[in-house]
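# Notes for the structure review
Spelled out from the first residue to the last, the chains are:
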Amino acid sequence: MTVALNQPAAIAGTRVMGLGAHRPEIVVDNEQICQWIDSSDEWIQQRTGIKTRHRAPEGVSVVDMAEGAAREALEHAGISGDQLGGVIVATVTHPYATPSAAADLAHRLGATPAAAFDISAACAGYCYGIGQADAMVRSGLAPYVLVVGVEKLSDYIDNHERTISFLLGDGAGAAIIGPSEVPGISPSILGSNGEKWEAVAMDSSLLNFRDALARARDTQDPTELLDVENRYWPTLRQDGPTVFRWAVWEMARVAQQALDAAGITADDLVAFVPHQANIRIIDEMVKQLKLPEHVMVGRDIVDAGNTSAASIPLAMHRLLKENPELSGGLALQIGFGAGLVYGTQVIRLP
């Protein structure tokens, strides 16, 4: 005799119900960046489009920023923290390997005992989170799910290196996913290419840092201890040309797959919100996708820099705030970065 298992009834559709953002108070312009690297405001703007980026103060944590964005998203969605059945935090800069930032955030929001977990998918993390939240709500696992993309990249950069440090900023963006009678989130396209694993990566591991620190302590040489801190603390590096070529030539194709999976064309969009990696990458993707002029493009990178997992929700939050008439329209979002990984879907704007 076969015993049947209970399964919750599937929900037909989901949607983004609300958005929130946290932008740190410290603004770093290109002139300040050029104190650390041999460059100029003109060169940085020409190559990246960036004028300023936000940096969080020393006492502000990843979870602090996530909480600020989450509370605004909850208010926008019209629900309270105790109604959440899931809390997902996309980040690569939470300073604890365990426990998760999501568990701490869920407690702060009064979401206990909601499922809580972190996603490490770098700049694609937010789109991965939206895909997971969509599945959780549609399967009946959670009534509402909070997705936060948050980074404090300033903790993991060497201000004097010039492959990536000048690009990066801090911040958090959040979304509430809930049920909908009309589908508001398309099938997600998620993927990776681990062959290019080292194209964006830390230059050292925490184990290397630990071992070097132990050796320096054995010598009891203060100069050597300081040298270890400068040489072995893991900081980000990238192979810029490799990442640029991959993003420009492959990510437009992936974005088109998301449009096809959604059953729409570029003409149906009101907005395009790509990962804010580089203004030249964004502009090239717009050309390759042949986006009509009426489609508004998120270009938050100019003022916020590259905020990795936070970049898409921050850009989308700003786009809606400045253009409220976009509400209810369809937006294509795509994240791509270290791994190399990517994620994309079409959503209906709240």
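As annotated in an unreviewed UniProt entry, the protein carries the name Beta-ketoacyl-[acyl-carrier-protein] synthase III and is attributed to Nesterenkonia lutea. You can read under Subunit (unreviewed entry) in the UniProt record for the protein the words "Homodimer." Check the Subcellular location (unreviewed entry) section of the UniProt entry for the protein; it says "Cytoplasm".

## A word on the UniProt feature "active site" (unreviewed entry) in the protein
Under the UniProt annotation, "active site" (unreviewed entry) lies at C123, H275 and N306. Despite a sequence span of 184 residues, these residues sit close together in the fold, their greatest C-alpha distance being 9.0 Å. As for its placement among the helices and strands, H275 is situated in the loop between β11 (269-274) and α9 (279-288). For H275, the contacting residues outside a window of four places in its chain are C123, I282, N306, S308, S311, I312, I334, G335 and F336.

## What to know about the layout of surface pockets
Empty pockets left among the atoms are what a rolling probe the size of a water molecule brings to light. In this model, the second largest pocket occupies a volume close to 230 Å³. In terms of lining residues, the second largest pocket is bounded by 14 residues, among which V60, S61, P95, K152 and D155 are the most central.

## Regarding the sheet that holds strand β5 (residues 115-119)
Spatially, β1-β7-β6-β4-β5 is the arrangement adopted by the five strands of the open sheet, whose pairing is mixed. At either end of the open sheet lies a strand with only one pairing partner, and these are β1 (13-22) and β5. Taking each pair of neighbouring strands and ignoring which way they run, the sheet shows an average axis angle of 20 degrees. In this structure, strand β4 (residues 86-90) lies alongside β5, joined through five bridges in parallel fashion. The residue of β5 that forms the bridge with V87 is A116. Here helix α11 (residues 311-322) sits on the sheet in contact with β1 and β7 (170-180), set at roughly 90 degrees to β1.

## With respect to the sheet that holds strand β14 (residues 341-348)
Taken together, the five strands give an open sheet; going across it, the order is β8-β14-β13-β11-β12, and neighbouring strands pair in mixed fashion. Looking along the sheet, the strands with just one partner apiece sit at the ends: β8 (189-192) and β12 (296-297).

## Concerning the packing of helix α8 (residues 240-262) against α9
In contact at an axis separation of 9 Å, α8 and α9 are set at 25 degrees when each is read in the N-to-C sense. Considered as vectors, α8 and α9 are oriented roughly parallel to each other. Note that α8 runs across α9; the crossing there is right-handed. For the pair formed by α8 and α9, the contact residues are F244, A247, V248, W249, M251 and A252 on the first element and R280, I281, E284, M285 and Q288 on the second. Across the contact of α8 with α9, the residue classes break down as eight nonpolar, one polar and two charged.

## Examining the UniProt feature "domain: Beta-ketoacyl-[acyl-carrier-protein] synthase III C-terminal" (unreviewed entry) in the protein
Sequence positions flagged by UniProt for "domain: Beta-ketoacyl-[acyl-carrier-protein] synthase III C-terminal" (unreviewed entry) are, in local numbering, residues 259-348. Split by type, residues 259-348 is 33% helix and 27% strand. Its first and last C-alpha atoms lie 13 Å apart.

## Focus on α9
Every α-helix winds through 3.6 residues per turn, so residues three or four apart in the chain are directed the same way. Turning to α9, its buried residues are I279, I281, I282, M285 and V286. For α9, the angular spread of buried residues about the axis comes to 160 degrees, placing them on one side. Residues of α9 that are buried sit in contact with α2 (41-48), α8, β11, β12, α10 (301-304) and β13 (330-337). If you check the start of α9, you find a side-chain oxygen 2.7 Å away from the backbone N of R280, and it comes from N278.

## Remarks on the packing of helix α3 (residues 62-77) against helix α4 (residues 101-108)
For any two helices packed against each other, one specifies the crossing angle of their axes together with the interaxial distance. Between α3 and α4, the shortest axis-to-axis distance is 10 Å and the interhelical angle comes to 50 degrees. Put simply, α3 runs oblique to α4. Pair α3 / α4 crosses with right-handed handedness. For the pair α3 and α4, contact is made by V63, D64, A66, E67 and R71 and by A101, D104, L105 and R108, respectively.

Parameters at a glance
Residues numbered from 1 in each chain as written. Predicted model: local features only at pLDDT ≥ 70, side-chain atom pairs only at ≥ 80, totals over all residues. Heavy atoms only, no water. UniProt positions renumbered as here; feature names shortened; annotations may be inferred. Helix = DSSP H or I, 4+ residues; strand = E, 2+ residues; numbered from the N terminus. Contact = heavy atoms within 4.5 Å. 1 Å grid on protein atoms, 1.4 Å probe; cavity = no way out; pocket = protein on both sides within 12 Å on 5 of 7 lines; lining within 4 Å. Points joined across faces, edges and corners; volume = space filled by probe spheres on them. Pairing = 2+ DSSP bridges. Axes fitted to C-alpha atoms, helices over the stretch in contact; angles between N-to-C directions. Parallel < 35°, antiparallel > 145°, perpendicular 65-115°, else oblique. Left-handed = near helix turned anticlockwise from the far one by under 90°. Nonpolar A, V, L, I, M, F, W, Y, C, P; charged D, E, K, R; others polar. Buried < 20%, exposed > 50% of the residue type's maximum accessible area, 1.4 Å probe, protein only. Arc of directions from axis to C-beta. Polar contact = N/O pair within 3.5 Å; in protein donor to acceptor, adjacent residues only side chain to side chain.

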